[in-house]
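The residues making up each chain are set out below.
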Amino acid sequence: MVNWNVINSNGRKLSSAQIRKNMVSFMTRNHPCSIIDSIEKKYSAYKIHLMNGLCLVFDADGRHVKSN
């Protein structure tokens, strides 16, 4: 999902693996059969656009914030 190994977040370092794990875990639990259309990083958030038109927003730590 992302191409970097360490991400600075609020003065502490997070691994991209942990962020991916949080997002994948959420997707597996809540949207198991959904197909991801695109992923974009905006400032301190990630937007995951699904093929069904739903947009999921995650914070910089990979925690789900909202769905549009």
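Residues numbered from 1 in each chain as written. Predicted model: local features only at pLDDT ≥ 70, side-chain atom pairs only at ≥ 80, totals over all residues. Heavy atoms only, no water.

## Regarding the pairing of strand S5 (residues 55-59)
Most of S5 is tucked away: 5 of the 5 residues are buried. The alternating pattern of S5 places Cys 55, Val 57 and Asp 59 and Leu 56 and Phe 58 on opposite faces, both of which are buried. Two strands pair when backbone bridges link them, and strand S4 (residues 45-50) and S5 are joined in this way by 5 bridges, in the antiparallel orientation. Note on S5: the bridge partner recorded for Tyr 46 is Phe 58. Pairing of S5 with strand S6 (residues 64-67), which is carried by 3 bridges, proceeds in the antiparallel orientation. Bridge pairing in S6 links Phe 58 to His 64. Between S5 and the antiparallel strand that follows it, S6, lie 4 residues; Gly 62 among them carries a positive phi value of about 85°. (Buried < 20%, exposed > 50% of the residue type's maximum accessible area, 1.4 Å probe, protein only. Helix = DSSP H or I, 4+ residues; strand = E, 2+ residues; numbered from the N terminus. Pairing = 2+ DSSP bridges.)

## Description of the nonpolar core
Ranked by size, the top nonpolar core spans 9 residues in total: Ile 19, Met 23, Phe 26, Met 27, Tyr 46, Ile 48, Leu 50, Leu 56 and Phe 58. Considering each element in turn, this core owes the most residues, 4 residues, to helix H1 (residues 16-30). Every residue in contact with Phe 26, bar those within four places of it in the chain, is listed here: His 31, Leu 56, Phe 58 and His 64. (Core = buried A, V, L, I, M, F, W, Y, C linked by side-chain atoms within 4.5 Å. Contact = heavy atoms within 4.5 Å.)

## Considerations on the confidence of the model for the chain
Scored by pLDDT, the chain comes out at a mean of 78, with 76% of its residues at no less than 70. The low-confidence segment residues 1-9 (pLDDT under 50) makes 26 contacts with residues lying over four places distant or belonging to another chain. (pLDDT = per-residue confidence, 0-100.)

## Here we look at the pattern of salt bridges
Within the structure shown, the criterion is met by 3 salt bridges. The closest approach of N and O atoms between Glu 40 and Lys 42, which form a salt bridge, is 3.6 Å. Judged by relative accessible area, which is 41%, Lys 42 ranks as partly exposed. Asp 61 is the salt-bridge partner of Arg 63, the closest N and O atoms lying 3.0 Å from each other. The exposure class of Arg 63 is partly exposed, given its relative accessible area of 46%. By relative accessible area, Asp 61 is classed as buried at 8%. Put simply, Asp 59, Asp 61 and Arg 63 are held in one network by salt bridges that share partners. (Salt bridge = Lys/Arg side-chain N within 4 Å of Asp/Glu carboxyl O.)

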